[in-house]
Amino acid sequence: MQEKSTYRLQGSDLSCIRDDRVLFEALSFDLVSGQVLLLEGKNGSGKTSLLRILCGFREPDAGQVLWCGDAINDSQYHADMAYVGHLDGVKKELTVLENLKVSLALGRSGQYSIAQALAKVQLADYDDVLVQALSAGQKRRLSLARLLITHNTVWILDEPFTSLDKQGIALIETLMAEHCASGGMIVLTSHHDIELHGVDVQRISLS
Amino acid sequence: MSLSHAFFAIIRRDLVLALRRRSEIANPLLFFVLVITLFPLGIGAQPHLLQAIAPGIIWVSALLAAMLSLDSLFRSDFDDGSLEQILLSPHPTSILVLGKIIAHWLVTGLPLLMVAPLLAVLLGMPSQSLGILLLTLLLGTPVLSLIGAIGVALTVGLRRGGMILSLLVLPLYVPVLIFAGNAVEMAGSGLPVDAQINILISILFMALVLAPWPTAAALKMSIN
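The structure presented is a predicted model; accordingly, all values stated were derived computationally and were not measured.

What am I meant to see in the overall build of chain B here?
Regarding its fold elements, chain B presents 11 helices and zero strands. Counted from the first residue to the last, chain B has its helices and strands arranged as α-α-α-α-α-α-α-α-α-α-α. For 224 residues, the compact-globule estimate of 2.2 N^0.38 gives 17 Å, and the C-alpha radius of gyration of chain B, at 18 Å, lies within 12% of that figure. By its C-alpha atoms, chain B is 55 × 35 × 30 Å across when sized along the principal axes. By residue count, 46% of the 224 residues in chain B fall in the buried class.

When you look at the sheet that holds strand S9 (residues 200-206) of chain A in this model, what are you seeing that I'm missing?
Strands in a sheet are paired, the pairing made by backbone hydrogen bonds, and the direction either parallel or antiparallel. Residues and elements named next belong to chain A. Strand order in the open sheet formed by five strands is S6-S7-S8-S3-S9, with parallel pairing between adjacent strands. At either end of the open sheet lies a strand with only one pairing partner, and these are strand S6 (81-84) and S9. Taken over all neighbouring pairs, the strand axes of this sheet differ in orientation by 15° on average, direction set aside.

Any chance you could explain unusual backbone geometry here in plain terms?
Leaving glycine out, the prevailing phi sign among residues is negative, and the prevailing peptide bond configuration is trans. Residue and element names in this part refer to chain A. Phi is positive for Asp 20, close to 65°, though the residue is something other than glycine. Position of Asp 20 relative to the elements: it lies in the loop between strand S1 (8-18) and strand S2 (21-32). Phi is positive for Gln 122, which is not a glycine, with a value near 60°. Note on Gln 122: 14 C-beta atoms within 10 Å, which makes it partly exposed.

Got a minute to help me understand the packing of helix H6 (residues 93-108) of chain B against helix H8 (residues 130-155) of chain B in this structure?
All names here are of chain B. For the pair H6 and H8, interaxial distance at closest approach is 9 Å and the crossing angle is 135°. Between H6 and H8, the angle is such that the two are oblique. Handedness of the H6/H8 crossing: right-handed. Here Val 97, Ile 101, His 104 and Trp 105 of H6 lie close against H8, whose contacting residues are Thr 141, Pro 142, Ser 145, Leu 146 and Ala 149.

Looking at this structure, how should I read the nonpolar core?
A general trend in soluble globular proteins is that nonpolar side chains are found buried together. By size, the foremost hydrophobic cluster in this structure holds 123 residues, and its most contacted members are Ala 145 and Ile 156 of chain A together with Ile 58 of chain B. Residue contributions to this core peak at 14 residues, all from H8 of chain B. Beyond its immediate stretch of four places on either side in the chain, Ile 156 of chain A contacts Leu 51, Leu 54, Cys 55, Met 81, Tyr 83 and Val 187 of chain A.

Basis of the calculations
Residues numbered from 1 in each chain as written. Chains lettered and ligands numbered in written order. Predicted model: local features only at pLDDT ≥ 70, side-chain atom pairs only at ≥ 80, totals over all residues. Helix = DSSP H or I, 4+ residues; strand = E, 2+ residues; numbered from the N terminus. Rg over C-alpha atoms; globule rule 2.2 N^0.38 Å. Buried ≥ 20, exposed ≤ 12 C-beta atoms within 10 Å, placed from the backbone. Pairing = 2+ DSSP bridges. Axes fitted to C-alpha atoms, helices over the stretch in contact; angles between N-to-C directions. Parallel < 35°, antiparallel > 145°, perpendicular 65-115°, else oblique. Left-handed = near helix turned anticlockwise from the far one by under 90°. Contact = placed C-beta atoms within 7 Å. Core = buried A, V, L, I, M, F, W, Y, C linked by C-beta atoms within 7 Å.

Now the structure itself:
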């Protein structure tokens, strides 16, 4: 459906300095539709900082991030990206369904309806359950369901496999492969070895 | 999908959240009632003195109750990551933030209005100033939420922001306190209060238009 238009996310000469410590400098990458960028590195090597720069939460100390050739703050970028960080971003006092309805209202509706997305992440019977009654892995799957119901091209995922079981990891890998096949792109950090068949994975090692 | 849909979705979300954590509504209201009831006990049997300082007591208590409730405005959203999602929304952050402020006022400001007449009677306030008291609270408490939002947005990222928040916000509350307190006092002696009310209306409109922008900008800084 989005095959016609290719999107492009570029980082040029990015650097990040935190508390007088250089986390990374002169970092460049070029990502187009259908590709995955996997960030690797030890704890504290700046993976999350890079992701937050790509979200626009942080300004890079040098360099810039370009979306289809324009700086991210001057483009449609925020309407095209979705982020799942270490914090799930769901309210524990609301039900699964209420949480997704709010997410949907904040974005633009995407490929799947809420019911379809819940079925995809295997939470179909949980729509009236308060989030505080869910397990950590189920909360994670709920926050990943947000990616499916809103319109987006870039997924930015910070350790998406945390607290998921083997089955859950396989499930998310399938969703990621589907997203790339339909013209999306993904930037993620992960300690797990991801298995994405038929997807072009670029790796950047931060040290 | 549309901006108004997102705006009302945020208001509805915050109202539902407030209903499920009732202490958020009850705390500022209880504080307001308790502080006001302590004054007659502390001052003793001097009804004239109490009557004279009643407008000040009610307004200072309302100010402190508003301060007490401010932290809940962005705290839980900041802690669980919902704030990041709100800021990433393609809709203008300032409008979404305005939705949150309105919901916050409905939950913490509006209840003060409901109990204020009762407390005014308790303090022996003349009945001709009751209407003006309610009017000033109606115009003034939203301003407290709007101005307070800027301060909370600046301090939400700090671990112990409470003290700084009061120092930042209380001086900005002073104009509201002066004009509102003065209006209620003048109304008690049967004098016209149009000027004070007009000034409060203009402060409200200015805060409504100007406060959401710095709040949105400060939130972006805080989640950095």
